Amino acid sequence: MKWWQTTTIYQIYPRSFLDTNDDGIGDLPGIIAKLDYIKDLGFETIWISPFYKSPGKDFHYDISDYTQIDPIFGMLDDAERLIREIHKRKMRIVFDMVLNHTSDEHPWFKESRSSKDNPKRDWYIWRKGKSKDALPNNWISMINRPGWNYDEKTDEWYFANFLDFQPDLNYRNPEVKEAMFAIMRYWLDKGVDGFRLDIFNSIYKDAEFRDNPFSLRFIPTPDSQDEAFFQKKIHTLNHPDCFELAKEVHSLLDEYSSERFLLGEVSGNDVILKKFLGEKHDGLHLVFQFELIHFQFSANFFRDLLSKNEAIYPYPYTPTYVYGNHDQMRYIDKIDRDPNKAKLLALFQFTARGIPVVYYGEEIGMQDSDIPNWQGKDPIAQQNAFFPTPLANLLGVYMNRDNCRTPMQWNSSINAGFTTPATKPWLTVNNYYPQINVEYELSDKDSLLNTYKALLKFRNGNSTFQSGSLFVETNYKDYSDLLVYRRYSAEKSFLVFINFSDKDLDIKVNHVKQIALTVGETKLNANSSLELAAYSGIVLEI
Ligand code: GLC
Ligand code: CA
């Protein structure tokens, strides 16, 4: 088995982790200073959102130089030190790679837009309008705005599948592909273990620029953007050439070693996700599966998800389990901010077969802030400044991503130890930092943080949970709020019980060897009856 099939991933949003030079923005030396914290928690792999040179309009997902570090984060030397320090701790480092688009301030785009005969003109996607004032075709962007942007100078339109200042590169031009591959090589040469690939399913568009077909769907489904606003985005998302590109990038990594890996941000149904993974496992090594972003707190939901993943992604496929990231509401806000429920979700995430991806702060139960759109720094919030939040919630769209990006809460001092008390952090620290912070939770043995630690320790010490098989038990049908699954390997066999209900349960169990782990109040009686209090869970070795 490869290391990435058994790893655990911690995501850092670098602006918000730790500020070491009192400018209110997190930085690379800040991450280095906290590596031991992540190591002690028990994570192996760290994925860091982009910190390359960028005007920062989409907070560094708009890159103007891929081989330089943005000075607000540090210097190239800091990035190299970061890689070394992570490897020194026997951990892995994954950089974020934005292949789809650059910033409109990237020198390539500046050249490209300067004239129709500039050699870089074709590096981006330029088209004439159908007539004066008319867009080249009906393509809307992933965020459901017109994807075409008019450029007066040359009287043409450029395509951007995200925000207008993020022009899409034209991968049908071989020079572009070569240039972006060179950038990946640059970082691979410096030792990064892999890349998280930003909106990888957007990279290729229809070569003939055909209109997207009509769809009856207006509101997108929660886990995919590929049908919305009366459009099936077949010509702008998940184009078959994207699946081929996945294989090309895979081979590029293999030139280094078969130990480097790719984690793709793609969306779509399982048929599409599997195409990205490749029929011969020769595409992206892992893709984010976003079902847990829209979880329901019920045994049924998790049972169905596990059954589906075991059926569609049997070994050597490796599912990923993700509750949140820098684009989504924090998961604890979806469960009444109840740490006991959060512990159960963590129990699931670390004991299911697959790769847990944890967004910084989830381990302490950090909550979303409630910064209104009009005060948002996030460009998506700014574009929707006066969109009513209740309506957005109803539609299931998350508009002010500042709310999930507030500074990490390290302790109970002013600014939560993220920066000095006298400094103004780039986003205000969440109000609840006096109770929800690392220092406090480390001292409380029943805290959410200590539960994460215990779960990671348990998983790291148990190869059955890292690489064993999973079977969803059906013998407990009478308990509709109880989720039970088996993890087993040649050596060992375990049953995981999770009580999603607010009621105590009394369950018959047989052949128990020992209690391996508990979350919440549980009791195993001598007569093989298992008592599970409301919102508790247990792992039994059998
Ligand atoms: C991805 C990133 C998001 C970013 C967008 C454009 O969805 O996760 O934060 O704004 O791509 O790069
Ligand atoms: Ca700083």
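Residues numbered from 1 in each chain as written. Chains lettered and ligands numbered in written order. Predicted model: local features only at pLDDT ≥ 70, side-chain atom pairs only at ≥ 80, totals over all residues. Heavy atoms only, no water.

This next bit is on the sheet that holds strand 22 (residues 529-532). Pairing is antiparallel across the open sheet formed by three strands, whose spatial order is 19-22-21. Edge positions in the sheet fall to strand 19 (505-508) and strand 21 (522-524), since each has one partner strand and no second. Here the strands of the sheet are splayed against their neighbours by 15 degrees on average, with no regard to which way each runs. As judged from the three bridges shared by strand 21 and strand 22, these two strands associate in the antiparallel manner. In the strand pairing of strand 22, T522 is matched with L532. (Pairing = 2+ DSSP bridges. Helix = DSSP H or I, 4+ residues; strand = E, 2+ residues; numbered from the N terminus. Axes fitted to C-alpha atoms, helices over the stretch in contact; angles between N-to-C directions.)

A few words now on empty space enclosed by the protein. Inspection of the entire model under this criterion finds one cavity of 30 Å³ or more. Estimated volume of the largest cavity: approximately 70 Å³. The wall of the largest cavity is formed by M1, Q5, Y315, Y317, T318, R353, G354, Q466, S467 and G468. Split into classes, the residues belonging to the lining of the largest cavity amount to three nonpolar, six polar and one charged. (1 Å grid on protein atoms, 1.4 Å probe; cavity = no way out; pocket = protein on both sides within 12 Å on 5 of 7 lines; lining within 4 Å. Points joined across faces, edges and corners; volume = space filled by probe spheres on them. Nonpolar A, V, L, I, M, F, W, Y, C, P; charged D, E, K, R; others polar.)

The next thing to look at is the packing of aromatic side chains. Evaluation of the coordinates by the stated rule reveals 53 aromatic pairs. Between Y52 and Y66 the ring centres are 6.1 Å apart and the planes differ by 40 degrees, which places this aromatic pair in the tilted class. Taken together, the residues span a long stretch of sequence, with Y52 in strand 3 (residues 52-53) and Y66 in strand 4 (residues 65-69) at a distance of 14 residues. Measuring from centroid to centroid gives 5.4 Å for W139 and F209, while their planes differ by 25 degrees, and the two rings are stacked. Of this pair, W139 sits in the loop between strand 6 (126-127) and strand 7 (148-151) while F209 sits in the loop between strand 9 (194-197) and strand 10 (227-228), and the two are 70 residues apart along the sequence. Each member of the pair, W139 as well as F209, is classed as buried. For K120, the ring lying beneath its charged end belongs to W123, and the centroid distance is 4.7 Å. (Phe/Tyr/Trp six-rings, centres within 6.5 Å; stacked < 30°, edge-to-face > 60°. Buried < 20%, exposed > 50% of the residue type's maximum accessible area, 1.4 Å probe, protein only. Lys NZ or Arg CZ within 6 Å of the ring centre and 35° of its normal.)

Further remarks concern the sheet that holds strand 12 (residues 261-264). Across the sheet, which stays open at both edges, the eight strands sit in the order 13-12-9-5-2-1-15-14 with parallel pairing between neighbours. Two strands bound the open sheet, and with one partner strand each, they are strand 13 (286-287) and strand 14 (320-322). As defined by bridge partners, strand 9 adjoins strand 12 across four bridges and the pair is classed as parallel. Counted as the bridge partner of G194 is F261 from strand 12. Along the sheet, helix 5 (residues 174-189) contacts strand 5 (92-97) and strand 9; its crossing angle with strand 5, the most-contacted strand, is approximately 160 degrees. (Contact = heavy atoms within 4.5 Å.)

Moving on, we come to the site of ligand 1. The immediate surroundings of ligand 1 are formed by 13 residues, with D58, D198, E265, H326 and D327 found nearest. In the model, an oxygen atom of ligand 1 is placed 2.7 Å from a nitrogen or oxygen of the D198 side chain. E265 places a side-chain nitrogen or oxygen 2.9 Å from an oxygen atom of ligand 1. Taking 310 Å² as the accessible area of ligand 1 by itself, protein coverage stands at 97%. Across the shell around ligand 1, the residue classes break down as three nonpolar, three polar and seven charged. (Near = heavy atom within 4 Å. Polar contact = N/O pair within 3.5 Å; in protein donor to acceptor, adjacent residues only side chain to side chain. Areas by Shrake-Rupley, 256 points an atom, 1.4 Å probe, with all protein chains shown as cover.)

Two quantities define a packed helix pair, namely the angle between the axes and the distance from one axis to the other. The interhelical angle for the contact between helix 5 and helix 6 (residues 240-254), taken along N-to-C directions, is 35 degrees, at an axis separation of 11 Å. Where helix 5 crosses over helix 6, the handedness of that crossing is right-handed. Where helix 5 abuts helix 6, its residues K177, F181, M184, R185 and L188 lie against L245, E248, V249, L252 and L253. Looking at side-chain class alone, the contact of helix 5 with helix 6 contains seven nonpolar, no polar and three charged residues. (Left-handed = near helix turned anticlockwise from the far one by under 90°.)

Our next topic: the pattern of salt bridges. Enumeration over the complete set of coordinates arrives at 37 salt bridges. Residues joined in a network through salt bridges with shared partners are D58, D327, D378, R401 and R405. (Salt bridge = Lys/Arg side-chain N within 4 Å of Asp/Glu carboxyl O.)

This paragraph deals with the coordination of the calcium ion (ligand 2). Taken together, the protein donors to the calcium ion (ligand 2) comprise D19 (OD), N21 (OD1), D23 (OD), I25 (O) and D27 (OD), at separations of 2.2 to 2.3 Å. Within one chain, the residues donating to the calcium ion (ligand 2) are spaced in sequence as D-x1-N-x1-D-x1-I-x1-D. Take N21: its relative accessible area is 47%, and that puts it in the partly exposed class. (Donors = N, O, S within 2.8 Å, 3.2 Å for Na, K, Ca; no water.)

Attention now goes to the environment of I203. Mapped onto the elements, I203 comes out in the loop between strand 9 and strand 10. In this structure I203 comes out as buried when scored by relative accessible area, which is 2%. Residues I203 and C242, 39 residues apart in the sequence, show an inter-C-alpha distance of 6.4 Å. Residues in contact with I203, not counting those within four places in the same chain, are L99, N100, L169, Y171, C242 and L245.

The omega angle of the peptide bond from Y315 to P316 is 10 degrees, so this bond is cis rather than trans. As for its position among the elements, P316 is in the loop between helix 8 (299-312) and strand 14. Phi is positive for H60, which is not a glycine, with a value near 80 degrees. Locating H60 in the fold gives a position in the loop between strand 3 and strand 4. Of note, the phi angle at H281 is positive, near 55 degrees, even though the residue is not glycine. Topologically, H281 is positioned in the loop between helix 7 (270-277) and strand 13. The class of H281 is partly exposed, set by a relative accessible area of 36%.

Bringing the layout of surface pockets into the picture now. For the largest pocket, the calculated volume is near 1300 Å³. Lining of the largest pocket is provided by 49 residues; of these, Q225, Q328, G396, V397 and Y398 occupy positions nearest its centre. By residue number, the principal contributor to the lining of the largest pocket is helix 11 (residues 389-395), which donates three residues. Of the residues that constitute the lining of the largest pocket, the class distribution is 22 nonpolar, 16 polar and eleven charged.

All we've got here are geometric facts, nothing functional implied.
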